[in-house]
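The lines below spell out each chain.
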Amino acid sequence: MKNPAMTVATLVAILLAAGPAAACDHLRAERGWLRQPPPGSDSAAAYLVLHNDGSEALTVRGVSSPAFARAMMHETRYVEGRAEMRHLHAVEIAPGGRFEARPGGAHLMLVEPRQTLALDDMVELRFECAQGDPLVTWVPVRRSAPTP
Ligand SMILES: [Cu+2]
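The rules behind the values
Residues numbered from 1 in each chain as written. Predicted model: local features only at pLDDT ≥ 70, side-chain atom pairs only at ≥ 80, totals over all residues. Helix = DSSP H or I, 4+ residues; strand = E, 2+ residues; numbered from the N terminus. Buried ≥ 20, exposed ≤ 12 C-beta atoms within 10 Å, placed from the backbone. Pairing = 2+ DSSP bridges.

Considering the overall build of the protein
Working step 1: Counting its regular elements, the protein contains one helix and 10 strands.
Working step 2: The order of helices and strands in the protein, counted from the N terminus, is α-β-β-β-β-β-β-β-β-β-β.
Working step 3: Put simply, the protein has 148 residues, and 22% of those count as buried.

Some points on the pairing of strand β5 (residues 82-88)
Two faces make up the sheet, and in a regular strand the side chains alternate between them.
Working step 1: In terms of burial, β5 is a largely surface element, zero of the seven residues being buried.
Working step 2: Bridge count between strand β4 (residues 68-79) and β5: seven bridges; the pairing is antiparallel. Looking at β5, one finds that E75 is bridged to R86.
Working step 3: Linking two consecutive strands that pair antiparallel, namely β4 and β5, is a turn of two residues; a positive phi of about 50 degrees is found at E80 within it.

Now the structure itself:
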């Protein structure tokens, strides 16, 4: 590369021009945690709140984690008093809106851990959006929900 500084400046210009198209950039995660699964369990659940800080609706298309073979967004519905889980293929979040995953409700279902999950370990979660780069966030392994 003859002039790296020039190349960086050009890249910045391109990124600025792209502007609001990078929808996932307006996605913010907070209060995330992963419930430590019992020994030998092949799945775990994680919880967090996703905020859309942008001025346009955004669509979360899926979640993955390098610590697990597979990950899904699930909702819980109660049918005749029985909890049933349903796979959410996409979650749309309105401008200024949020998606809340919490025990007893929506959650991230993480299947086939690739490593042991000790308390306070940080686990990477990656959310794919309809547009823009994925949101990468790290959540701690906990025994129970953090107190608000
Ligand atoms: Cu589930």
